[in-house]
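Examination of the molecular architecture
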Amino acid sequence: MPPSITNRQTNPQPSTLNPRSSNAAGQGLIRGYITVDQTLDQLWRLLGSREQLSTWLVDDFNVELRVGMLGQTTEDGRRRVIRIDEVTPHARLAFTWRGDEEGSACTVAMALVQ
């Protein structure tokens, strides 16, 4: 079975992408799953590199991928402040980002599952 990316903190389904994004009150939860025909190493290259994240997630992902690091992203001219919450090589990347609007913070967690 091909590996997948999951963006969920609990009970990820095999071979899936499960995005999770929510505010502090747990509102705005987004979940999704996708199966991809790539190895875990190939998928981690897309998640585990800020240069690669800048090719598919946002225009500019300007933060070192280490827990606690702060930086910013830019997408279509919109800037967000970002904090890296978790980096587990070949398995999981989680971060919290916030735009200029009050209450606009959300947490995104992406996990690879075989």
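Everything here concerns the structure above.
Being a predicted model, the structure only gives us computed values, none of them experimental.

**Considerations on the side chain of Ser49**
By the element assignment, Ser49 lies in the loop between α1 (40-47) and α2 (50-56). The contacts of Ser49, once residues within four sequence positions are left out, are Trp44 and Leu65.

**Examining the nonpolar core**
Among the nonpolar cores identified, the biggest contains 17 residues, and Phe61, Phe95 and Trp97 are the most heavily contacted of them. For this core, the secondary-structure elements that each account for two or more residues are α1, β6 (78-88), β7 (92-98) and β8 (106-113). Per-element accounting of this core gives the leading share, 4 residues, to β8. In contact with Phe95, other than residues within four places in its own chain, are Leu57, Ile82, Arg83, Ile84, Asp85, Cys106, Thr107, Val108 and Met110.

Cut-off values and rules
Residues numbered from 1 in each chain as written. Predicted model: local features only at pLDDT ≥ 70, side-chain atom pairs only at ≥ 80, totals over all residues. Heavy atoms only, no water. Helix = DSSP H or I, 4+ residues; strand = E, 2+ residues; numbered from the N terminus. Contact = heavy atoms within 4.5 Å. Core = buried A, V, L, I, M, F, W, Y, C linked by side-chain atoms within 4.5 Å. Buried < 20%, exposed > 50% of the residue type's maximum accessible area, 1.4 Å probe, protein only.

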